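As a plain string of letters, each chain reads:
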Amino acid sequence: MKKVFILLFTIFNILIVSAQTTSTVFFDSNKSDLKPTSIKMLDSLVSFLKDKNNYKIDIHAYCDNTGTTTSNQILSDQRAQSIFDYFKIKNLNGTTTFKGHSDTNPIADNSTESGKSKNRRAEIIVRVTEPPPVVVKKIIEPEPPIIVPTTQTETPTLLDDVSKAEDLEIGKILVLKNLNFVGGTSTLLKESEPSLKLLLKLLKENPTIEIEIEGHVCCANDMALSVDRALTVMEYLVTNGIKEKRLKYAGHSWNNPVASDATEEGRKQNRRVEIMILKK
C-alpha cells in the first residue's frame, strides 16, 4: 500500500492575511443623523465583523460646501461621531478611529444639488487582518480539483430593453448596463449614472412596481460588500423620491458571476448590481 505523507505548513508568526473594504453612507443637508438605509448598511457591516478577531475601522466624514469651513468641520466631526457611537452601541471590539474633514475632498460637483448630496458622506474603511489557514498538501496523491463558483447561465434582460411594466415578469432579473463599482468598494463608476437614471425613470412611471436590489462582488467571498453595493443603489433611489417600502435588497457575495475573474473586464462585470422584479 502506498503511504501518503501530509505536510502541514503553519505560518501564523510569519505571514498575515489582510483584506480591506470601503463602505459609504450619506447624510441629509446640515444633518448628522443616520438615515434608515445607512443603518441597514451599518448593520450588515456589524454582522460581517461580529466573528472577526482582528480588524481596524477608520471613519472619514465630509460635507458639501454650503456652510463655512468652521461650521462644516463641526458638522463633519458630528457625522463621524454618529457612526462611531453606533458601532460602540453594537459592541464592536476592533480598533476604531474617526475624523471629520469639513468640505475637503469632494467626489462630485458642488454646484448642483445632486453633487452636494454625494459629498455629504462618510467613508468607512475596514481592514481585517487574520492569520492564514493551515495549508495541507498531499504528496503522491493528486490534489483535488479547485471548485469555483459557476457562471450564471440564464440570459438576463437589459434594463435598456424595458420601457413599461407590461414588459416585465415577476421574478425576472434586470441587468443595469455599465452599472459597475471601483474594485473593493461600493463607490459607483461614473459610467453607472445613465442606468441609475433609467431605473429611476422606470420606477417613477410605474408606481406599483416593487423590486429587490441584488449586489455582487468579484474575486473574493465578501458578503458585506455585496450588501453595501445594493444599498448604494437603494440610497440613490430613495434620495430621488422612490418610497423605501417598494425596495428590498440582498447581497450574493461572489456566488453568481457573469464572467471570468481571470481578466479585468470580467472582474468589472462581476462587480455589479442586478434588479429582481417582485411586484408589478
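This text goes with the structure placed above it.
Residues numbered from 1 in each chain as written. Predicted model: local features only at pLDDT ≥ 70, side-chain atom pairs only at ≥ 80, totals over all residues. Heavy atoms only, no water.

Further remarks concern the overall build of the chain. A count of helical and extended segments in the chain gives six helices and 11 strands. Residue pairs in contact within the chain that sit at least 24 positions apart in sequence constitute 75% of those at least 6 positions apart. Within the structure as shown, the chain displays about 15,500 Å² of accessible surface, and the carbon and sulfur contribution to it stands at 55%. (Helix = DSSP H or I, 4+ residues; strand = E, 2+ residues; numbered from the N terminus. Contact = heavy atoms within 4.5 Å. Areas by Shrake-Rupley, 256 points an atom, 1.4 Å probe, with all protein chains shown as cover.)

Let us look at the side chain of Asp-58. Among the secondary structure elements, Asp-58 is positioned in strand 3 (residues 55-61). At 2.5 Å, the side chain of Asp-58 and the side chain of Thr-97 are in polar contact. For Asp-58, the residues in contact, after removing those within four places along its chain, are Thr-97, Glu-123, Ile-124, Ile-125 and Arg-127. (Polar contact = N/O pair within 3.5 Å; in protein donor to acceptor, adjacent residues only side chain to side chain.)

Glancing now at empty space enclosed by the protein. A complete count under the given rule lists one cavity of 30 Å³ or more for this structure. The space that makes up the largest cavity amounts to roughly 70 Å³. Taken together, Thr-24, Val-25, Phe-26, Thr-37, Ser-38, Met-41, Asp-228, Leu-231, Thr-232 and Glu-235 make up the lining of the largest cavity. When residues of the lining of the largest cavity are assigned to their parent elements, the largest contribution, four residues, is made by helix 5 (residues 223-239). Residues that form the lining of the largest cavity fall into these classes: four nonpolar, four polar and two charged. (1 Å grid on protein atoms, 1.4 Å probe; cavity = no way out; pocket = protein on both sides within 12 Å on 5 of 7 lines; lining within 4 Å. Points joined across faces, edges and corners; volume = space filled by probe spheres on them. Nonpolar A, V, L, I, M, F, W, Y, C, P; charged D, E, K, R; others polar.)

We now examine the pattern of salt bridges. Taken as a whole and assessed by the stated rule, the structure comprises 15 salt bridges. Close ionic contact of Glu-244 with Lys-40 constitutes a salt bridge, the shortest N to O distance being 2.9 Å. Of this pair, Glu-244 sits in the loop between helix 5 and strand 10 (247-251) while Lys-40 is found in helix 1 (residues 36-49), placing the two residues 204 residues apart along the sequence. The exposure class of Glu-244 is partly exposed, given its relative accessible area of 24%. When its relative accessible area of 30% is taken as the criterion, Lys-40 is described as partly exposed. A salt bridge links Glu-264 to Arg-271; the nearest nitrogen and oxygen atoms lie 2.8 Å apart. Residue Glu-264 is classed as partly exposed on the basis of its relative accessible area of 44%. Assessed through its relative accessible area of 9%, Arg-271 is described here as buried. (Salt bridge = Lys/Arg side-chain N within 4 Å of Asp/Glu carboxyl O. Buried < 20%, exposed > 50% of the residue type's maximum accessible area, 1.4 Å probe, protein only.)

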